[in-house]
Amino acid sequence: AQSVDQPDAHVTLYEGASLELRCSYSYSAAPYLFWYVQYPGQSLQFLLKYITGDAVVKGTKGFEAEFRKSNSSFNLKKSPAHWSDSAKYFCALTGANTGKLTFGHGTILRVHP
Amino acid sequence: AQTIHQWPVAEIKAVGSPLSLGCTIKGKSSPNLYWYWQATGGTLQQLFYSITVGQVESVVQLNLSASRPKDDQFILSTEKLLLSHSGFYLCAWSLDTTNSDYTFGSGTRLLVI
């Protein structure tokens, strides 16, 4: 079984601050991890992914994430945050040849100007 | 460039009526295709995936069915809608079952009344 946990339903901060959205996963094999962003009323946009290699991966819109096998986490980071980053962020997990991409419940990020 | 098109954009349907949602991928042969459902404010639940024409794997059925009649087409349907079918339906494609970006369509918003 595979699962993703995003423990923070909401994160609020002010523009210019550093943001970190938490994601932990449970998977018995090597995980492939993704972050997506969803703006209100819209579909999902891909931010970044970790498949193998360097633990820190950089993505679009200035985001990066760090894969930590030791505590099964894949947290999303950005500094500084901008008000336009306000959206819902999803962490997702798949594995080799499963055909299943499992999402966390998402974190709603609000960045105040 | 590959494009993914979902139709219709939105539907309002009565309980007990039939439903058919479509998804077409252009510019890529033999993509892997996926259907996801998102309740309002909720996470994304994978419903089905298909690796090849005529073959569909069910992840969670929710009294829905899926078919892949052509290489570039994925159909989601039911003969009898329930109130619980309301939500946002997303089609996605990838180059293979893992190690790829999952690109999502713009979605179909369904309201069952």
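Summary of the structure given here. Values in this document were obtained by computation on a predicted structure and should not be read as measured data. Every residue gets a number counted from 1 within its own chain, in the order that chain's sequence is written. Chains and ligands are labelled by the order in which they are written, letters from A for the one and numbers from 1 for the other. Restriction of local features to residues with pLDDT of at least 70 applies here, the model being predicted, together with a cutoff of 80 or more for giving and counting side-chain atom pairs; totals for whole chains, interfaces and linings are based on all residues. Excluding hydrogens and water, the side-chain figures rest on all heavy atoms present in the structure.

### Comments concerning a nonpolar patch on the surface
All names here are of chain B. We apply this condition: Exposure above 30% relative accessible area and no salt bridge define the residues that can form patches, which grow by joining like charges within 9 Å and nonpolar side chains of Val, Leu, Ile, Met, Phe, Trp and Tyr within 5 Å. We get accessible surface area from the Shrake-Rupley algorithm with a probe of 1.4 Å; when it comes to residues, only the shown protein chains can shield them. Every case where a carboxyl oxygen of Asp or Glu lies within 4 Å of a side-chain nitrogen of Lys or Arg is listed as a salt bridge. Counting from the N terminus, the helices are the DSSP runs of H or I reaching at least four residues and the strands are the DSSP runs of E reaching at least two. Only protein chains enter the accessibility calculation, which uses a 1.4 Å probe; a residue whose area is less than 20% of its type maximum is buried, one above 50% is exposed, and one in between is partly exposed.
On the surface, a cluster of nonpolar side chains totalling about 320 Å² of accessible area is made up of Ile 12, Leu 111 and Ile 113. Checked against the element boundaries, Ile 12 lands in strand E2 (residues 10-13). A residue is classified by how much of its surface remains accessible, and Ile 12, at 60% relative accessible area, is exposed.

### Focus on the state of the cysteines
Residue and element names in this part refer to chain A. This is how the line gets drawn: Criterion for a disulfide: a pair of cysteine sulfur atoms within 2.5 Å.
All told, the structure shown has two disulfides over all chains when counted by the stated rule. There is a disulfide in this structure between Cys 23 and Cys 91, and the S-S distance comes to 2.0 Å. One quick way to see it: the torsion about the S-S bond of Cys 23 and Cys 91 is about -65°, and its sign makes the bridge left-handed. A residue pair is termed long-range when its members are at least 10 positions apart, and Cys 23 in the loop between strand E3 (19-21) and strand E4 (24-26) and Cys 91 in strand E10 (residues 87-94) qualify at 68 residues.

### Let's talk about the nonpolar core
For the record, the criterion: In plain words, nonpolar cores are sets of buried Ala, Val, Leu, Ile, Met, Phe, Trp, Tyr and Cys residues tied together by side-chain atoms within 4.5 Å. Here a residue-residue contact requires only that any non-hydrogen atoms of the pair lie within 4.5 Å.
Counting residues in hydrophobic clusters, the biggest one holds 28 residues, and the most contacted among them are Trp 35, Leu 48, Phe 74, Leu 76 and Tyr 89 of chain A. Only strand E2 (10-14), E3, strand E5 (32-38), strand E6 (44-50), strand E8 (64-68), strand E9 (73-78), E10 and strand E12 (107-112) of chain A provide two or more residues apiece to this core. Here the element with the most residues in this core is E10 of chain A; it accounts for four residues. The residues touching Phe 74 of chain A, leaving out its near neighbours within four places in the chain, are Cys 23, Leu 33, Phe 34, Trp 35, Leu 48, Lys 49, Tyr 50, Val 57, Ala 65, Glu 66, Phe 67 and Cys 91 of chain A. Grouped together as the second largest cluster of nonpolar side chains are 20 residues, Trp 37, Ala 66, Phe 74 and Leu 76 of chain B included.

### Some words on unusual backbone geometry
As a rule of thumb, non-glycine residues mostly have phi less than zero, and peptide bonds are mostly trans rather than cis. Cis geometry marks the peptide bond from Ser 79 of chain A to Pro 80 of chain A; its omega dihedral reads -10°. Here Pro 80 of chain A is to be found in the loop between E9 and E10. Look at the link from Trp 7 of chain B to Pro 8 of chain B: it is a cis peptide, with omega at -10°. Counting through the fold element by element, Pro 8 of chain B comes out in the loop between strand E1 (3-7) and E2. Even without glycine at this site, Lys 61 of chain A takes up a positive phi of about 60°. Tracing the backbone shows Lys 61 of chain A in the loop between strand E7 (56-58) and E8.

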